[in-house]
2 protein chains.
Amino acid sequence: MLRRAVDIADAAGVEALTMRRLADELGVEAMSLYHHVRGKGGILDGAVELVLDELAAAADASAVPPEDGGWRAAVRARLVAARTVMLRHPWAPDVMAARSVMTVGAARHVDAVVGLMRAGGLSYDLVHHGLHALGSRMFGFSPEIAEPDAGDEQGAEALAGMAELVPHLAAMLAEVAHDGATTLGWCDDQTEFEFGLDLVLDGLDRLARGSSAAD
Amino acid sequence: MLRRAVDIADAAGVEALTMRRLADELGVEAMSLYHHVRGKGGILDGAVELVLDELAAAADASAVPPEDGGWRAAVRARLVAARTVMLRHPWAPDVMAARSVMTVGAARHVDAVVGLMRAGGLSYDLVHHGLHALGSRMFGFSPEIAEPDAGDEQGAEALAGMAELVPHLAAMLAEVAHDGATTLGWCDDQTEFEFGLDLVLDGLDRLARGSSAAD
DNA sequence: ACCTGAACACCGTTCAAGT
DNA sequence: ACCTGAACACCGTTCAAGT
């Protein structure tokens, strides 16, 4: 049943994951669902939990022993693995953010990251700051809030109308769009994810080594 | 009318911002609204735009001349100012993320940040990566996805049940909760926002100076 | 041009009734 | 224990009708 909920959200988006539709696909009446879960929230939580099981499996499969490259490489490998799972379920981070309940699956993932960082010698305090700094990257997602590039045709068109209003932005996009023609488009999300991830991990590493004196 | 929409969302949350309620508070029928905006989306976009006007005013008011402390301080001041506005309208970042349309207000804010970074000598390419790395921090918000601390009573209780399941996380929270007793609680959101912001800005600054050879 | 009432096609959920 | 039909209180939106 939760499996089916995940399939619906994957195929048609969370907004299509409705009690009536889920019941329909299970060949049952909508009200029957209430005998097995605590309302719609229970279904969303359960679906997220299933995705987090996938995440745990993927993270284990691609785990890097902390000896090879230190905690930084180990955390990086885990979060990049998390991303491959979340890309299959792009609605999951949104649901997790909307329903801010700490499920066991989420707690275990965070726990694993904390463990890797501690093994690398970071203080609990620094680890704690680090979790906040990672934000949604912790679950393989960077928040693409109001991304200035969006759809190619509509984005370019809207930008043309704003060119004199936002000169710096227009100039940046013109240059980046040109250079990026060799890659996947204006923005390579995977590249940007890894860039931001490395920036945070490098910063934490530097703080852990107490290299602020080197500034 | 958009002003009233912002007030409703501030006071009762976005989910309370409904066509019927907005019309009611304006002493008019719900269907009249469709003669002035393009459906509910238009109202959400308009409300966000109003918030972004506030943001622009706050950013201008607390602007730091680039000469004093460089681009880093200037960008920091602008994003911290953005945060004070968004804290008054916590629904705004969510709405912006949900409706991924680049409004003029959002574009102008991003443009200003790009301008400050460029004035600091950063390449368009590095600026572009930087925008992605900043993510929602660009608009004063760090994504508190599945925050492990949440409500004090419920969080502590849930954590007790998970203590043996997530040992590292439990140990971290136990220590951080203890130390943090002197401040505002387990997590000081403002502190965490500034920590993450500085981590990203420092990282960009380092890359701009080409100090990777110093590693 | 602007507003209105009734209606449509949806939601999540309650509740009494069936087996 | 599990399922069901009808109903309730909502949504956003369409549409013909009013002024």
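Residues numbered from 1 in each chain as written. Chains lettered and ligands numbered in written order. Predicted model: local features only at pLDDT ≥ 70, side-chain atom pairs only at ≥ 80, totals over all residues. Heavy atoms only, no water.

- Under an unreviewed UniProt entry, chain A has the name TetR/AcrR family transcriptional regulator C-terminal domain-containing protein and belongs to Cellulomonas dongxiuzhuiae.

### Structural notes on the packing of helix H1 (residues 2-12) of chain A against helix H3 (residues 39-61) of chain A
Residues and elements named next belong to chain A.
Alright, step 1. For the pair H1 and H3, the least separation of the axes is 9 Å and the interaxial angle reads 85°. When the axis of H1 is compared with that of H3, the two are roughly perpendicular. In contact with Leu2, Arg3, Ala5 and Val6 of H1, H3 contributes Ile43, Gly46, Ala47, Leu50 and Glu54.
Alright, step 2. When grouped by side-chain class, the residues that make up the contact of H1 with H3 number six nonpolar, one polar and two charged. (Axes fitted to C-alpha atoms, helices over the stretch in contact; angles between N-to-C directions. Helix = DSSP H or I, 4+ residues; strand = E, 2+ residues; numbered from the N terminus. Parallel < 35°, antiparallel > 145°, perpendicular 65-115°, else oblique. Contact = heavy atoms within 4.5 Å. Nonpolar A, V, L, I, M, F, W, Y, C, P; charged D, E, K, R; others polar.)

### Observations concerning the protein's contact with DNA strand D
Alright, step 1. In the neighbourhood of DNA strand D, 14 residues make up the surrounding shell, with Ser32, His35 and His36 of chain A together with Thr18 and Arg20 of chain B lying closest.
Alright, step 2. Take the atoms of DNA strand D that sit within 4 Å of the protein: sugar and phosphate atoms are 52% of them.
Alright, step 3. For DNA strand D, a phosphate oxygen lies 2.8 Å from a polar atom in the side chain of Ser32 of chain A.
Alright, step 4. For the surface near DNA strand D, the secondary-structure elements that each account for two or more residues are helix H2 (19-25) and helix H3 (39-61) of chain B. (Near = heavy atom within 4 Å. Polar contact = N/O pair within 3.5 Å; in protein donor to acceptor, adjacent residues only side chain to side chain.)

### Details of the nonpolar core
Alright, step 1. In this structure, Trp91, Met117 and Phe139 of chain A together with Leu169 and Met172 of chain B are the most contacted members of the largest nonpolar core, which totals 59 residues.
Alright, step 2. Look past the residues within four positions of Trp91 of chain A in its chain and what remains in contact with it is Val6, Ala9, Asp10, Val14, Ala47, Val48 and Val51 of chain A. (Core = buried A, V, L, I, M, F, W, Y, C linked by side-chain atoms within 4.5 Å. Buried < 20%, exposed > 50% of the residue type's maximum accessible area, 1.4 Å probe, protein only.)

### Quick notes on the relation of the copies chain B and chain A
Comparison of the two chain copies shows a relationship of rotation about an axis with a shift along it.
Alright, step 1. Between the two copies, chain B and chain A, the superposition gives an RMSD of 0.0 Å; the rotation angle is 180° and the shift along the axis is 0.0 Å. When the rotation and shift are considered jointly, the pair of chain copies conforms to a two-fold rotation axis.
Alright, step 2. A share of 100% of interface residues in chain B that are also interface residues in chain A marks the association as one of identical surfaces. (Least-squares fit on C-alpha atoms with pLDDT ≥ 70 in both.)

### So, the UniProt feature "DNA-binding region" (unreviewed entry) in chain A
Alright, step 1. Under the UniProt annotation, "DNA-binding region" (unreviewed entry) lies at residues 18-37 of chain A.
Alright, step 2. A helix fraction of 35% and a strand fraction of 0% characterise residues 18-37 of chain A, whose end C-alpha atoms lie 14 Å from each other. (UniProt positions renumbered as here; feature names shortened; annotations may be inferred.)

### Observations concerning the pattern of salt bridges
Residues and elements named next belong to chain A.
Alright, step 1. The final tally for this structure, using the stated rule, is 20 salt bridges over all chains.
Alright, step 2. Across the pair Glu54 and Arg88 runs a salt bridge whose closest N-O atoms are separated by 2.9 Å. Of the two residues, Glu54 sits in helix H3 while Arg88 sits in helix H4 (residues 70-88), which places them 34 residues apart along the sequence.
Alright, step 3. Classification of Glu54 as partly exposed rests on a relative accessible area of 22%.
Alright, step 4. If you follow the salt bridges from partner to partner, you end up with Arg72, Arg76, Glu194, Asp198 and Asp202 in one network. (Salt bridge = Lys/Arg side-chain N within 4 Å of Asp/Glu carboxyl O.)

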